[in-house]
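For reference, the chains in residue letters:
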Amino acid sequence: MNILFLIGGLILILLGANGLTDGSASVAKRFRIPPIVIGLTIVAFGTSAPELTVSVASALKGSADISIGNVVGSNIFNTLMIVGCTALFAPIVITRNTLRKEIPLCILSSVVLLVCANDVFLDKASENILNRVDGLLLLCFFAIFMGYTFAIARTPSTPVAGDAQHPAPPTEEDDIKLLPWWKSVLYILGGLAALIYGGQLFVNGATGIARNLGVSESIIGLTLVAAGTSLPELATSIVAALKKNPEIAIGNAIGSNLFNIFFVLGCSASITPLRLSGITNFDLFTLVGSCVLLWFFGLFFAKRTITRIEGSIMVLCYVAYTAVLIYNT
């Protein structure tokens, strides 16, 4: 039964990603909204719905390790595996705006979580806890991020010689199908529903198999649950890249990371304090390092393009991180 859940969930995720990408790209073209804004908001928040559901439900049930591990693991998966795998299918072009503002904001979110989760080291506390104050702080950061995103939406994107704030070659713009508004909404809502339900099926199957094998909750949260709830982002980013919408792909990964830390963990910690018993600084520093690696590759090599070679390195980094987790259990 668990295997059937895995297969059925994967099918729904792939179908949902295709519909969500088509619908959101059509909305962006119709209303002249920069694709990066669509990726940072509608696509990112929609594909992060599984993380929100799993983390809040886990927090309410007292399973803090799954709640926090889900977010930390999902963000590491987003940055290394999703961006890496997407680059393997089609190199990802990163705009100057994304490189200078959105990726550094993603790094900031990881550093904020690292600081909030180190009560033992910073305050000489008896244990590390994300309390309600930390949760409210994360929600304040989320409000600032939303204000920034809406500011991007109001700013018209004007091409600049040699580089654009949000460049898109004319041929790529023409490749985007302009769907009727009702069909765009139907594609987005239907795609989100398929992604969320498919993600739940996949997580249920993966978690059932893991628990039958006697794997700890923290490892389940950091790996299987994190990867399962991140499958919507993976599918959506790969489909977006193949359909020549790279900004939706990179915006999806970055937006999901910000949404996961600032909103998902902010809501979870505001509801009930989260004790970090199975999540270590190794996991948190890996999270920060993965974001820095993405920024480093975008800044110094191949003219702001994540190439297939760089994508391969990112995938290998995730495999190495997972191997260390398994070895330490």
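Structure: above.
Residues numbered from 1 in each chain as written. Predicted model: local features only at pLDDT ≥ 70, side-chain atom pairs only at ≥ 80, totals over all residues. Heavy atoms only, no water.

1. Description of the overall build of the protein chain
So, step 1. Scanning the protein chain for helices and strands turns up 13 helices and six strands.
So, step 2. Expressed as a percentage of the 329 residues in the protein chain, the buried residues total 56%.
So, step 3. Relative to all contacts within the protein chain whose residues are 6 or more apart in sequence, the contacts with residues 24 or more apart total 85%.
So, step 4. With an accessible surface of roughly 14,200 Å², the protein chain has 70% of that area assigned to carbon and sulfur atoms. (Helix = DSSP H or I, 4+ residues; strand = E, 2+ residues; numbered from the N terminus. Buried < 20%, exposed > 50% of the residue type's maximum accessible area, 1.4 Å probe, protein only. Contact = heavy atoms within 4.5 Å. Areas by Shrake-Rupley, 256 points an atom, 1.4 Å probe, with all protein chains shown as cover.)

2. A word on the nonpolar core
So, step 1. With 78 residues, the main nonpolar core has Val 72, Leu 130 and Ile 306 as its most contacted residues.
So, step 2. If you tally residues by element for this core, the top one is helix α4 (residues 64–89), at twelve residues.
So, step 3. Not counting the four nearest positions on each side in its chain, Leu 130 is found in contact with Ile 68, Leu 113, Cys 116, Ala 117, Leu 265, Ala 269, Pro 273, Leu 274 and Leu 276. (Core = buried A, V, L, I, M, F, W, Y, C linked by side-chain atoms within 4.5 Å.)

3. Regarding helix α12 (residues 281–300)
So, step 1. Compared with the 28 Å implied by 1.5 Å per residue over 20 residues, the 28 Å span of α12 between its first and last C-alpha is a close match.
So, step 2. Within α12, the full set of buried residues consists of Asp 283, Leu 284, Thr 286, Leu 287, Val 288, Ser 290, Cys 291, Leu 294, Phe 297 and Gly 298. (Expected span 1.5 Å × (residues − 1).)

4. So, the packing of α12 against helix α13 (residues 308–328)
So, step 1. Put simply, α12 and α13 touch, their axes get as near as 11 Å, and they point 175° apart. In terms of orientation, α12 and α13 fall into the roughly antiparallel class. Where α12 approaches α13, its residues Phe 282, Asp 283, Thr 286, Leu 293, Leu 294 and Phe 297 are matched on the opposing element by Glu 310, Ile 313, Met 314, Cys 317, Tyr 321, Val 324 and Leu 325.
So, step 2. Across the contact of α12 with α13, the residue classes tally to ten nonpolar, one polar and two charged. (Axes fitted to C-alpha atoms, helices over the stretch in contact; angles between N-to-C directions. Parallel < 35°, antiparallel > 145°, perpendicular 65-115°, else oblique. Nonpolar A, V, L, I, M, F, W, Y, C, P; charged D, E, K, R; others polar.)

5. With respect to the pattern of salt bridges
So, step 1. Across all of its chains, the model carries one salt bridge by this definition.
So, step 2. A salt bridge links Glu 127 to Arg 275; its shortest N-O distance comes to 3.0 Å. One end of the pair, Glu 127, is in the loop between α6 (119–123) and β2 (129–130); the other, Arg 275, is in strand β5 (residues 274–275), with 148 residues separating them in the sequence.
So, step 3. Here Glu 127 falls in the partly exposed class, since its relative accessible area comes to 34%.
So, step 4. Using a relative accessible area of 45% as the deciding quantity, one classes Arg 275 as partly exposed. (Salt bridge = Lys/Arg side-chain N within 4 Å of Asp/Glu carboxyl O.)

6. Side note on the packing of α4 against α13
So, step 1. Look at α4 against α13: their axes get within 7 Å of each other, and the N-to-C directions meet at 145°. You can see that α4 and α13 cross each other, and the crossing is left-handed. Where α4 approaches α13, its residues Ile 76, Phe 77, Thr 79, Leu 80, Met 81, Val 83, Gly 84, Cys 85, Ala 87, Leu 88 and Phe 89 are matched on the opposing element by Arg 308, Gly 311, Ser 312, Met 314, Val 315, Cys 317, Tyr 318 and Tyr 321.
So, step 2. Considered class by class, the residues forming the contact of α4 with α13 number 14 nonpolar, four polar and one charged. (Left-handed = near helix turned anticlockwise from the far one by under 90°.)

7. Points about the environment of Gly 62
So, step 1. If you trace the backbone, Gly 62 turns up in the loop between α3 (49–60) and α4.
So, step 2. On the basis of relative accessibility, which here comes to 62%, the residue Gly 62 falls in the exposed class.
So, step 3. Sequence spacing of Gly 62 and Pro 273 is 211 residues, and the spatial spacing of their C-alpha atoms is 9.4 Å.

8. Here we look at the side chain of Asp 134
So, step 1. Mapped onto the elements, Asp 134 comes out in helix α7 (residues 132–154).
So, step 2. Although Asp 134 is buried, it forms no salt bridge, and the closest oppositely charged side chain is Arg 132 at an N-O distance of 11 Å.
So, step 3. Setting aside residues no more than four positions away along its own chain, Asp 134 makes contact with Cys 116 and Ile 129. (Lys, Arg positive; Asp, Glu negative; His and termini not counted.)

9. Side note on unusual backbone geometry
So, step 1. Located in the positive-phi region is Lys 124, a residue other than glycine, with phi close to 55°.
So, step 2. The residue Lys 124 is located in the loop between α6 and β2 in this model.
So, step 3. Among the residues examined, Lys 124 registers a relative accessible area of 70% and is labelled exposed.

Remember that the coordinates give geometry; whether it matters functionally is a separate question.
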